[in-house]
Each structure stands twice: as C-alpha cells, then as structure tokens.
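Now for the letters of each chain:
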Amino acid sequence: MNSKKSEVTIDETENKDFLRELIETNITRRLIPRGLSWFGCMGGLSFLAFTIQLGTGIFLMFYFIPAAGETTASIQRVSHSVPYGWLIQRIHAVGPHIMIGMIFSHMLRILFKGIYRHPRELHWVSGACLLILTLLMYYTGSSLSARNGNGHAVMHMTCVYALHIAGIPLAMSLFMGMHFFMVRKTGIYEPL
Amino acid sequence: MKDYTKGKSPEMLEPFFPNELYRHIVVSCFLVIIELVAVILFPLPFKVVNKPDHIPWFLLPVYKLDKLIKNEVMFISILVLCALLFISWPFLVSNRKYNLTPLNNAEGANGRCARHIKECPNLWQRPVPFMIVIITIISVITLCFINP
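Residues numbered from 1 in each chain as written. Chains lettered and ligands numbered in written order. Predicted model: local features only at pLDDT ≥ 70, side-chain atom pairs only at ≥ 80, totals over all residues.

Caption draft 1: Highlighting the interface of chain B and chain A. Chain B puts 49 residues into the contact, and the matching count from chain A is 52 residues. For the side of chain B that touches chain A, the element with the most residues is helix α1 (residues 16-41) of chain B, which contributes 12 residues. Along the lines of polarity and charge, the residues of the side of chain B that touches chain A split into 32 nonpolar, eight polar and nine charged. Taken together, the three bridges between strand β1 (residues 31-33) of chain A and strand β1 (residues 13-15) of chain B define a ladder with antiparallel strand orientation. Its bridge partner being in β1 of chain B, P33 of chain A is matched across the sheet by L13 of chain B. (Contact = placed C-beta atoms within 7 Å. Helix = DSSP H or I, 4+ residues; strand = E, 2+ residues; numbered from the N terminus. Nonpolar A, V, L, I, M, F, W, Y, C, P; charged D, E, K, R; others polar. Pairing = 2+ DSSP bridges.)

Caption draft 2: Structural context of the nonpolar core. Of all hydrophobic cores here, the largest spans 29 residues; its most connected members are L45, A49, M99, M102 and I103 of chain A. Counting only elements with at least two residues in this core, the list comes to α2 (42-61), α3 (71-80), α4 (85-113) and α5 (121-144) of chain A. Of all the elements, α4 of chain A adds the most residues to this core, at 11 residues. Discounting residues that sit within four places of it in the chain, A49 of chain A has contacts with G95, I98, M99 and M102 of chain A together with L31 of chain B. (Core = buried A, V, L, I, M, F, W, Y, C linked by C-beta atoms within 7 Å. Buried ≥ 20, exposed ≤ 12 C-beta atoms within 10 Å, placed from the backbone.)

Caption draft 3: The confidence of the model for chain B, seen in detail. In the predicted model, chain B carries a mean pLDDT of 79, and the fraction of residues at 70 or more is 76%. Predicted as a complex, the structure gets a pTM of 0.83 and an ipTM equal to 0.81. (pLDDT = per-residue confidence, 0-100.)

Caption draft 4: Representation of the confidence of the model for chain A. For chain A, mean pLDDT is 85; residues scoring 70 or higher make up 90% of the total. For chain A, the element scoring lowest by mean pLDDT is helix α1 (residues 2-28) of chain A, at 76; α2 of chain A scores highest, at 94.

Pasting the structure below:
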C-alpha cells in the first residue's frame, strides 16, 4: 500500500518537473532577439481574430438552422431573443474585415521585407493558403445568410454550411499547425 | 525549436517573458477595442455577396474581374492561376546568391565575433520582383475602380 502511494507521489513529482521544465524552456527562461518590431505581432493578431471568429461561430452554430425558410428567422432569433446574441452576431459579421486586414498587413510586411526567402518558403506557402481559405470562409459564410430557397438551393446551402463550419476550418487548422511548426523550427525573422 | 542564443551576446537578446508577451497582450487589447468600436460604428448585417454594394473591399477586385470576363471557365482559370502564382512566389523569385552575401560582424560577449548571414534582402533591393509586385498592386487597385 505504502509502495503504491510512493509510486503515485513520484509520478506526480515527475509530471510537475516536466511541466515546470516545459514552461521554463518555452516561456519564462526563453530568450529572443532584441528589438523585434511591433508589426511582427500581426500574425498573432490574425490568429486572435480567427479565434474570436471561431468562438462567435460556435455560439451561432447552436441557433442557425440551414433549412428552407429558416435561415433568416434563425438569424433574427439570435439577434432579438438570445441574450447578447446581437453582439455575437455583429462581431461575427465585422470580424472577417478586421481579420483579413490583419492578414494582408502581415503578408505585405513579409513580402516587402523579403522574409519569405530561404529557409522560410514554407511559411509563405502555408500563410498564402491560409489567406485563400479565409477568403473562401468569408464567401461561404456570406452565402449562408439570408437565403431561403427551394429543395435544390437548400441542398446547395447544406454543402456550403458543411464547408463553412467543418471543411474549411479543418483545412485552416492543418495549415495553421504547419505554419506554427515552421515558425518554431526555423525561427522568426531577426533584425541584423 | 530554434535557439536564438547561438552566436549572440546577452545584449543582443531579451527575455520572451514578459517583454514579448507584454507586446502581444497590448496589441491584442487594441484588436479587441478596434473590433468593438467597429461593431458599434459599422453594424454590418450578414449579406450575400452577389450585389455591388454587398461586396466587401477585399473581394471587390475578384467581383470586378468576374464582371469583366464573361466566360466563367476562363474566370476560374485566371483565379486558380493567380492563386498558384501567389502561393509559389518564394520559389519563383528565389536567388540563392543573396543568401551568401554580405556577412555582417558583431562583437560577441566574450570577445568573439558573432557572424550572421544576411538572408533577407528587402524587396526594393531587388528591382525585378519589386516591379512585378508594384505593377500587380496597382493593377488590383485599378481593377476596383473599373466599371464594366
């Protein structure tokens, strides 16, 4: 009994040490080049804007009905009946403009400073794919709204809805994973 | 994980926590404020992208191109070609000689010289890619103002 207890205690201590080391290596004791530009935060801001879109999108998903004669009504219901629904709906509508603005400024900085060059080509490739997917995300999202139609249109809308809530976000997550992995591996652009 | 401490003196480095984290928190707060102000000032309803006044600024060139080119197959082909060129841009303009010169020297912490390879010349230092980018940007902006 006592030996089992001591094994559990050792495991907990090992876990705590592992966690402490992970935090120290990646956050508290990590050193980065001095004088990084504030504009370097644009990528992080794009990710934050995406997270806001994801959060508000998940909230709206509970109320949106992609069926004939129901789309407009469900959007109206969120705006007028659900507490703070109007705010969430407006943030989800305005968010893409800010998100795409952030991505454009991030990419223009990288383009003009030549940061896409060797060994960071794949950063650019994944980032460019993310921009295209974001534009597609906006297009599919706007296609969903305020559309009531017949059977064929509803079938088309279901496909668009599936793409908007699952297909494109999944592809974006994959490209984001690749983007972040590449940034960790080859490092950020360092001023000389 | 990339180690930034290699070949650098302590003066050339700063801690990630709290310096970089603080920078990110400040700009994140700005983003949230901008988003909330935009919600109040521009209460955009959800709109279908099929009318000129429903087109957002970032899709306007695509919409105008669609109106200019009547053939749908050609329009989609041009879009796909542009997307492919955009994605493969680093490989199209790659020129390794820029990666090898010049070498900059900086004094290290213990008297040794830290060497850094200048691997990212700015776009304006390379005339041909710079001209291509500027012409493309001007063309896209012009496209937004064309009334087909």
